[in-house]
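Take a look at the letters that make up each chain.
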Amino acid sequence: MQLIDTHVHLNFDVFQPDLDQVAQRWRDNQIIRLVHSCVQPSEFAEIQSLSHRFEELYFAVGLHPLDVDQWTANTEAEIERLAISDPKVVALGETGLDLFKADNYPQQEQVFWTHLCLAQQLQLPVIIHCRDAATAMIKLLERFWQERGPVSGVMHCWNGTPTETQWFLDLGFYISFSGIVTFKNATQVHSSAQMVPKDRLLIETDCPFLSPVPVRGQHPNEPAHVRYIAEQVAQLRKIPLETLAADTTANACRLFQFTLPLEPELLINQD
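Residues numbered from 1 in each chain as written. Predicted model: local features only at pLDDT ≥ 70, side-chain atom pairs only at ≥ 80, totals over all residues. Heavy atoms only, no water.

A. Spatial organisation of the nonpolar core. Among the nonpolar cores identified, the biggest contains 73 residues, and Phe 168 and Phe 173 are the most heavily contacted of them. Tallying contributions element by element places helix α5 (residues 134–147) first for this core, with eight residues. With residues near it in sequence (within four places) discarded, Phe 173 still touches Val 126, Ile 128, Leu 141, Trp 145, Val 151, Ser 152, Gly 153, Val 154, Met 155, Phe 168 and Arg 200. In terms of nonpolar packing, the next biggest core, distinct from the first, is built from 16 residues, Ile 4, Ile 127, Ala 252 and Cys 253 among them. (Core = buried A, V, L, I, M, F, W, Y, C linked by side-chain atoms within 4.5 Å. Buried < 20%, exposed > 50% of the residue type's maximum accessible area, 1.4 Å probe, protein only. Helix = DSSP H or I, 4+ residues; strand = E, 2+ residues; numbered from the N terminus. Contact = heavy atoms within 4.5 Å.)

B. Molecular detail of the sheet that holds strand β5 (residues 126–131). An order of β1-β2-β3-β4-β5-β6-β7-β8 is seen for the eight strands of this open sheet, with the pairing classed as parallel. With partners counted over all chains shown, the strands left at the sheet margins are β1 (3–8) and β8 (201–203), one partner each. Averaged over neighbouring strand pairs, the angle between their axes works out to 30° when direction is ignored. With two bridges connecting them, strand β6 (residues 153–155) and strand β7 (residues 174–177) associate as parallel partners. For Met 155, the partnering residue across the bridge sits in β7 and is Ile 175. (Pairing = 2+ DSSP bridges. Axes fitted to C-alpha atoms, helices over the stretch in contact; angles between N-to-C directions.)

C. How the structure looks around the confidence of the model for the protein chain. Summing up the model confidence of the protein chain, the mean pLDDT is 95 and the portion of residues at 70 or higher is 96%. When the criterion is pLDDT under 50, residues 264–271 qualifies, and its contacts beyond four places in sequence or with other chains add up to 12 contacts. (pLDDT = per-residue confidence, 0-100.)

D. Main features of the side chain of Gln 232. Note that Gln 232 resides in helix α8 (residues 226–237). Here Gln 232 falls in the buried class, since its relative accessible area comes to 16%. If near-sequence neighbours (up to four positions away) are discounted, Gln 232 is found in contact with Val 181, Thr 182 and His 190.

E. Inspection of the pattern of salt bridges at higher detail. This model, assessed by the stated rule, comprises seven salt bridges. As a salt-bridge pair, Arg 27 and Glu 56 come within 2.6 Å of each other at their nearest N and O atoms. Linking Arg 27 in helix α1 (residues 19–28) with Glu 56 in the loop between α2 (44–53) and β3 (57–61), this pair joins segments that are 29 residues apart in sequence. Glu 56 matches Arg 27 in its accessibility class, with the two residues each being buried. Taken together, the shared-partner salt bridges connect Asp 18, Arg 25 and Glu 222 into one network. (Salt bridge = Lys/Arg side-chain N within 4 Å of Asp/Glu carboxyl O.)

F. Fine view of the environment of Val 8. Checked against the element boundaries, Val 8 lands in strand β1. You can call Val 8 buried: its relative accessible area is 0%. Sequence spacing of Val 8 and His 190 is 182 residues, and the spatial spacing of their C-alpha atoms is 22 Å. Those residues within four positions of Val 8 in sequence are excluded, and the remaining contacts are Leu 34, Val 35, His 36, Ser 37, Leu 57, Thr 205, Cys 207 and Pro 223.

G. Layout of the state of the cysteines. Taken as a whole, this structure holds zero disulfides when the rule is applied. There is no disulfide at Cys 130, and the cysteine sulfur nearest it, in Cys 157, is 11 Å away. Take Cys 130: its relative accessible area is 11%, and that puts it in the buried class. Judged by relative accessible area, which is 16%, Cys 157 ranks as buried. (Disulfide = S-S within 2.5 Å.)

H. Inspection of the packing of helix α7 (residues 187–195) against α8 at higher detail. At a closest axis distance of 9 Å, the pairing of α7 and α8 adopts a crossing angle of 75°. Accordingly, the angle class assigned to the pair α7 and α8 is roughly perpendicular. Here His 190, Ala 193, Gln 194 and Met 195 of α7 lie close against α8, whose contacting residues are Gln 232, Leu 236 and Arg 237. Grouping the amino acids of the contact of α7 with α8 by side-chain chemistry returns three nonpolar, three polar and one charged. (Parallel < 35°, antiparallel > 145°, perpendicular 65-115°, else oblique. Nonpolar A, V, L, I, M, F, W, Y, C, P; charged D, E, K, R; others polar.)

I. Fine view of the packing of aromatic side chains. Under the criterion given, the structure shown has eight aromatic pairs. Seen in terms of ring centroids, Phe 144 and Trp 145 are 6.3 Å apart; in terms of plane orientation they differ by 65°. Their pairing is edge-to-face. Taken as a pair, Phe 144 and Trp 145 share a single burial class, namely buried. A ring pair is formed by Trp 145 and Phe 173, whose centres lie 5.7 Å apart and whose planes are at 45°; its orientation type is tilted. With Trp 145 in helix α5 and Phe 173 in the loop between α6 (162–170) and β7, the pair connects residues that are 28 residues apart, well separated along the chain. Each of the two residues, Trp 145 as well as Phe 173, counts as buried. Taken together, the ring pairs in this structure connect Trp 113, Phe 144, Trp 145 and Phe 173 into an aromatic cluster. The ring of Tyr 58 carries the charged tip of Lys 88 above its face, separated from the ring centre by 4.6 Å. If you follow Arg 131 out to its NZ or CZ, it ends over the ring of Phe 100, 3.8 Å from the centre. (Phe/Tyr/Trp six-rings, centres within 6.5 Å; stacked < 30°, edge-to-face > 60°. Lys NZ or Arg CZ within 6 Å of the ring centre and 35° of its normal.)

Rendered as C-alpha cells:
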C-alpha cells in the first residue's frame, strides 16, 4: 500500500531537531510522495532545499491569502522563475481567500487572480486555501473560467458543506481532506468525504497543524499521520483502506504529474 500526503509544512522550527526521524516515520508508513506547500516567498529557498534533501518531497510556490501584504512588484516573477527552473515544483500555492481572519478581500482577490493566470500559463495546478469564503471563491473562479478559461487544482484542507463541495467539483477541482475529517463533530466534512467521486479525492495532513484522531491534541502533526486520515475516509466511504490508498495515490499522481512512485523499500534505502 502506498499513500501520498498532498499538503505539508515541514520547514517549521518544531520539525528541525529530528526531521530525519520524521522522514523515517513517513517512509515506515508507506508515504511515498509529499507536497510541501508555501505561504510566502521568504520560504522558497528553504523549501526548495528540503525538497532536494528528501527525494520523495515535492513543493509548491505561492503566497498565502493572509500574507498578501507581502506581495511586491517582484513576487510574480519570483514565483514564475522558480516554477520554471526547478522540476520539483508541482503546483502554485497555497493561494486563495481567507475571510475568517482578514477582511482585505480586494487585495486577496487580486493576488489570487494573478496566481490563477500564472498557473494557467505554466500549466500547473493551484493549491487553494478557502476559509469562510466558499461563496466569494466560487464567484471568482466562475468569472475566471468565463474570462480566461479553466485551471486545475485542489481545494485543500476542505471543510465545506456538500453543496459547496459540489460547486468546486463542477469546476473540475480535486477535494483534499485533512485531520478534520477524523473529528467526531465534523459531520458536514464527513458528508463531503462520502460524496466526492473516487477520481477527485485526495488526503493530506496540513502538518504541523490539525493532528487527526487518535493523536488529536498532539503537536506537531506529521506526514506519517496521513494514514489515520486515509483510514477514516475509507471507513466513511465503506471501502477497504487499500482501495482508498490506491485511488488517492493515483489522483495525486495525475494532478501533480508525478512519475510512478518509487517502491517504499527503495526510498528507505536511499542515503
